[in-house]
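# Descriptive analysis of the structure
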Amino acid sequence: RAPDKKMAGRGQVLNLYKTMLREAGKFPDFNFRSYAQRRVRDGFKNAKSLSDANTISVQLREAERNLEIIKRQSTLGRLFGIDQPLSIELAQKGK
């Protein structure tokens, strides 16, 4: 079967997934960072079983919009964030 040019390739989806996780990891606050990373993982895991090309493209557009939101919010968090790390962050660095 010839690949459909409109349908996103596996590489494009994987690249978006990695970019979203990387950007979510930039939140300075542990709770926001953990939440964003968990939501990205869960969202892609739930969309893994999609097979309709139209639904997949809608989900990809939504993911790209969410990536922009993550970038914007993590930037704001760094500008106006807290400077004191949580105890769990200190414990993770000590490992």
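Up top is the structure these notes are about.
An account of the accompanying structure is given in this report.

What follows covers the packing of aromatic side chains. Using the criterion set out here, one finds two aromatic pairs in the structure. Considering the side-chain rings of Tyr17 and Phe44, the 5.0 Å spacing of their centres and the 65° angle between planes classify their relative orientation as edge-to-face. Residue Tyr17 is found in helix α1 (residues 10-24), and its partner Phe44 is found in helix α2 (residues 30-47); the two are separated by 27 residues along the sequence. Under the relative-accessibility criterion, Tyr17 is labelled partly exposed at 23%. Measuring from ring centre to ring centre gives 6.4 Å for Phe27 and Phe32, while their planes differ by 40°; the resulting arrangement is tilted. Taking the relative accessible area as the measure of exposure, Phe32 reaches 53% and is therefore exposed.

A few words now on the packing of α1 against helix α3 (residues 53-80). To characterise two packed helices, one gives the angle between the axes of the helices and the distance between these axes. In the contact formed by α1 and α3, the axes pass within 9 Å of each other and the chain directions differ by 20°. With respect to each other, α1 and α3 are oriented roughly parallel. Considering the relative orientation of α1 and α3, their crossing is left-handed. Every residue of α3 that contacts α1 at Gln12, Val13, Leu16, Thr19, Met20, Glu23 and Ala24 is listed here: Leu60, Ala63, Glu64, Asn66, Leu67, Ile70, Lys71 and Ser74. When its residues are assigned to classes, the contact of α1 with α3 shows eight nonpolar, four polar and three charged.

About the thresholds
- Residues numbered from 1 in each chain as written.
- Predicted model: local features only at pLDDT ≥ 70, side-chain atom pairs only at ≥ 80, totals over all residues.
- Heavy atoms only, no water.
- Phe/Tyr/Trp six-rings, centres within 6.5 Å; stacked < 30°, edge-to-face > 60°.
- Helix = DSSP H or I, 4+ residues; strand = E, 2+ residues; numbered from the N terminus.
- Buried < 20%, exposed > 50% of the residue type's maximum accessible area, 1.4 Å probe, protein only.
- Axes fitted to C-alpha atoms, helices over the stretch in contact; angles between N-to-C directions.
- Parallel < 35°, antiparallel > 145°, perpendicular 65-115°, else oblique.
- Left-handed = near helix turned anticlockwise from the far one by under 90°.
- Contact = heavy atoms within 4.5 Å.
- Nonpolar A, V, L, I, M, F, W, Y, C, P; charged D, E, K, R; others polar.

Function-wise, these values are silent; they only describe arrangement.
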